Amino acid sequence: MSHPRAALLHHTAALGIALAALLAPRQAPARGAPAGGGPAPSARPGAPSLVTEAERTGFRRTGRYAEVERLCRAFEEAYPGRARCIRFGTTPEGRPMLAIAASDDGTLDPAAARAKRRPVILFQGGIHAGEIDGKDGGFWALRELLDGAMAPGALAAATAVFVPVFNVDGHERFRRNQRPNQRGPEEMGFRVTAQNLNLNRDYMKAEAPEMRAMLALLDAWDPVVQVDLHTTDGAKFQHDIAVVVEPSVPHPGGLDAVARALSGELQARLTALGHLPLPFYPAFREDDDPSSGISTEPGPPRFSQSYSAARNRIGVLVETHSWATHAERVRAVHDLLAALFERVSSGSGAGALQAAAERADAASARLAGAPFALTHRAGPVSRIFPFRGFAYEKRASEISGGTWTRYDESRPEVWRVPLFDRIQPDLTVTAPEAGYVIPAAYAAWVADKLRLHGVRYQVLPAARPGFAVEAFRADTVTFERSFEGRTPVELQGAFRPERQDLPAGSLFVPIAQPRAPVVLHLLEPLAPDSLVAWGFFNASFERKEYMEAYVAEEEARRMLAADPALRSEFDARLRDPAFAKDAKARLDFFYKRHPSWDERVNLVPVFRVAAPPLPGPPSAGAMRGGPSPAAAPS
């Protein structure tokens, strides 16, 4: 440990460098100073240094993961009883996944938070490890929260949980020029994990070990607000931060109204702090073409903010702009967190967020038989949005043979961009009256997914032969190209009434539970992030048995002779020229109607039920799934 006087001199020097970087001339118009001034490390005598590599170098560099490990322990030592270092997982390359919990009254574990009904705010950096502003800005903000320089009283009203780097292995794939479309730091991590998986596509399918650890952390702490800190790509423009708050579309219990109010407050506060915030993701409908407009429909729950919404919690996606400097982006993260925790500390702010989450849980548990929109799309009508950009021109390119865009950052201008923000439901389903059944053959791995998402289920103790279900049979199946290590599938088809034998050991997943939206996203076959869509059931769409052509010829003749109606149906099909010319299709016509045909081909092994397939009403004790064990302190 350094001598207190030496440490204080070190802090002062680092502060001078940091302030110089933050107040230096910028590419974008100058913003006002953030609340609390520049970074001010704790000057507690004898406390370990909380200065980051970013602050020490005037935000030219960012620290390696060893810095996160050091600071996690240092925060716990510097703020005894108010900060706790938590190890919540291990990466495929063996690195610890760390979080810091902070609270003024020692509410530093999930059990204590639940006992006190203490709202939890979780913010994470480095899910894409080249976009590392969240780590540096998060450490700065957490330090000020604990020192009382930011949002005094916030940590008495809520517990903060900070994950500095989610994608730890990707963070340590460290080198220069990792993101040539980003201004600083000098070196940075890589977008995806050591297994080449994009964690911000994995929230529903939950295949990466890092994601499984994160879902356990989320289930244990159950944050009312989850903030995901990114750096965006795209065109050059003046706006320095985009903040997308979900749910932005109608949600059970009116959670969307609370999210919209929070979004408005964050936008207003960031504007007052000198930023140029946006309430939507700034991606044009056509790359490099502002005239094509921007659509604001919410993404599927593979993304963090939409996954939070599916859990009946508020998700906040933060995208600082990559063409601002690292110092400016870190400042934007700091100010966003200041705005959020000021909201938490004001009046009944934290309690109101907690109450909104509880109302959404209660309303979601009553979704049986009700319509629920799984996807949304922007309508055809737009309005003009004054988007702060720069002058640009399209030029013919001798490199690509097409055109390329040149932006002139010395000439700011306002673009009149069509904004398509009239969002309407796209894919809507009716929630089943009772729930879903997963046949026993798939129960083990599906149960694992359900537990990860905190979804309750029950195991059938005895077989239920000939049980009335709705079964989905695919009329067409299209296998898509490999994506995130899987082969997604697109189906056309529908649920239809049938009777199915349900073996003992099958799973019953009731719709009457708080995580009902997650259940619908996970088990409805047409949902874009369902287990079906991600290809987990692809073997169900493969034929495993065949009839030789000569046998089919013989059987077809017997079937035609015995069934005049079949003869009429076959003759009608022959009037289709394409069918008439396709020998295989003609023989398959008979094979699919033959008793030997495998009736499970294209049958999705997820059944909807109108009544529980159980001997009696499911008891709470018989249900499995639900909250995961609490993450332990390191």
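This is a predicted model, so every value here is computed, not measured.

Participant: Quick one: what's the story with the side chain of Q305, residue by residue and with numbers?
Facilitator: Mapped onto the elements of the fold, Q305 is located in helix α10 (residues 304-310). Beyond its immediate chain neighbours, meaning those up to four positions away, Q305 contacts E246, G315, V316 and L317.

Participant: So, the packing of aromatic side chains: which residues are in play, and what are the values?
Facilitator: Inspection of every chain in the model, using the stated rule, returns 25 aromatic pairs. Here the aromatic rings of F483 and W534 are separated by 5.7 Å at their centres, their planes lie at 10 degrees, and the arrangement is stacked. Linking F483 in the loop between β20 (464-479) and β21 (489-502) with W534 in the loop between α14 (516-523) and α15 (549-562), this pair joins segments that are 51 residues apart in sequence. Seen in terms of ring centroids, F570 and F589 are 5.4 Å apart; in terms of plane orientation they differ by 40 degrees. Their pairing is tilted. On the criterion of sequence distance, the pair formed by F570 in helix α16 (residues 564-573) and F589 in helix α18 (residues 583-591) is long-range, its members being 19 residues apart. A relative accessible area of 3% means that F589 is categorised as buried. The structure contains a cluster of three or more aromatic residues connected by ring pairs, namely F237, F280, F284, F385, F387, Y392, Y407 and W415. Across the ring face of F536, the terminal group of R486 is positioned such that the distance to the ring centre comes to 3.8 Å.

Participant: Lay out the pattern of salt bridges with the relevant residues and their values.
Facilitator: Scanning the entire structure with this criterion turns up 47 salt bridges. Close ionic contact of R61 with E186 constitutes a salt bridge, the shortest N to O distance being 3.4 Å. One end of the pair, R61, is in the loop between α2 (53-56) and α3 (65-78); the other, E186, is in the loop between β5 (175-176) and β6 (187-188), with 125 residues separating them in the sequence. Note that D233 and R179 form a salt bridge whose closest N and O atoms lie 2.7 Å from each other. Of this pair, D233 sits in the loop between β7 (225-232) and β8 (241-246) while R179 sits in the loop between β5 and β6, and the two are 54 residues apart along the sequence. Three or more residues joined by partner-sharing salt bridges are found here, namely E53, R56, R61, R176, E186 and E187.

Participant: Go over the state of the cysteines, please, and point to the residues and values.
Facilitator: A full pass over the atoms with the stated rule returns one disulfide. The disulfide partner of C72 is C85, and the gap between their sulfur atoms is 2.0 Å. Its torsion about the S-S bond being 110 degrees, the disulfide of C72 and C85 is classed as right-handed. Note that C72 is positioned in helix α3 and C85 in strand β1 (residues 83-90), a separation of 13 residues in sequence. This pair shows no difference in class: C72 is buried, exactly as C85 is.

Participant: Quick one: what's the story with the pairing of β1, residue by residue and with numbers?
Facilitator: Pairing geometry for β1 and strand β2 (residues 96-102), over seven bridges, is antiparallel. Bridge pairing links T90 to P96 in β2. Where β1 hands over to β2, the hairpin turn is made up of five residues, of which G94 adopts a positive phi near 90 degrees.

Participant: If you had to explain the confidence of the model for the protein chain to someone new, which residues and values would you point to?
Facilitator: Here the protein chain shows a mean pLDDT of 91. Residues at 70 or above account for 90%. Across residues 1-43, where pLDDT falls below 50, the model places 81 contacts with residues more than four positions away in sequence or in other chains. Residue range residues 628-634 is modelled with pLDDT below 50. Its contacts to residues more than four positions away, or to other chains, number 20 contacts.

Participant: Tell me about helix α12 (residues 349-364), and please be specific about residues and values.
Facilitator: Given 3.6 residues per turn, any residue in an α-helix points the same way as the ones three and four places further on. Between the first and last C-alpha of α12 there are 23 Å, a value that for 16 residues agrees with the 22 Å anticipated at 1.5 Å per step. All buried positions along α12 are accounted for by G349, A350, L353, Q354, A356, A357, A360, D361, A363 and S364. Tucked into the core, α12 has its buried residues touching α6 (154-157), β7, α9 (255-272), β11 (314-321), α11 (326-345) and α14.

Participant: Tell me what's going on with the side chain of R118, and back it up with residues and numbers.
Facilitator: Tracing the backbone through its elements, the reader meets R118 in the loop between α4 (110-116) and β3 (120-125). A distance of 3.3 Å separates polar atoms of two side chains, one belonging to R118 and the other to T107. Setting aside chain neighbours within four positions, we find R118 in contact with S103, D105, T107, A113, L155, A156, A157, A158, T159 and Q354.

Participant: Tell me about the pairing of strand β22 (residues 507-510), and name the residues and values.
Facilitator: By the alternation rule, side chains of β22 split into L507 and V509 and F508 and P510, which are all buried. Sheet topology places strand β18 (residues 435-438) next to β22; four bridges connect them, and they run antiparallel. Paired with Y436 across the bridge in β22 is V509. For strand β19 (residues 458-459) and β22, the ladder comprises two bridges, and the chain directions are antiparallel. Residue pairing for β22: Q458 is matched across the bridge by F508.

What counts as what
Chains are numbered independently. Their residues run from 1 in the order of the written sequence. Given that this is a predicted model, residues contribute local features only at a pLDDT of at least 70 and side-chain atom pairs are listed and counted only at 80 or more, while totals for whole chains, interfaces and linings are drawn from all residues. Values reported for side chains reflect all heavy atoms of the structure, with hydrogen atoms and water molecules removed beforehand. Helix and strand assignments come from DSSP, with helices taken as H or I runs of at least 4 residues and strands as E runs of at least 2, each series counted from the N terminus. Any two residues whose heavy atoms approach within 4.5 Å at even a single point are treated as in contact. Between rings of Phe, Tyr and Trp, where Trp is taken as its six-membered ring, a pair exists when centres lie within 6.5 Å; planes separated by under 30 degrees are stacked, by over 60 edge-to-face, and by other angles tilted. Only protein chains enter the accessibility calculation, which uses a 1.4 Å probe; a residue whose area is less than 20% of its type maximum is buried, one above 50% is exposed, and one in between is partly exposed. Distance and angle both matter: a charge sits over a ring if NZ of Lys or CZ of Arg is within 6 Å of the ring centre and within 35 degrees of the ring normal. The rule for a salt bridge is simple: a side-chain nitrogen of Lys or Arg has to be within 4 Å of a carboxyl oxygen of Asp or Glu. Cysteine sulfur atoms are paired as a disulfide whenever they come within 2.5 Å of each other. Here, a strand pair is defined by DSSP locating no fewer than two bridges between the strands. Each residue carries a pLDDT score, the predictor's own confidence in it, on a scale running from 0 to 100. Under the convention used throughout, the expected extent of a helix is 1.5 Å for every residue step, that is, one less than its residue count. Counted as a polar contact is a pair of N or O atoms within 3.5 Å, where, for protein atoms, one must be capable of donating a hydrogen and the other of accepting one, and residues adjacent in sequence contribute only when both atoms are in side chains.

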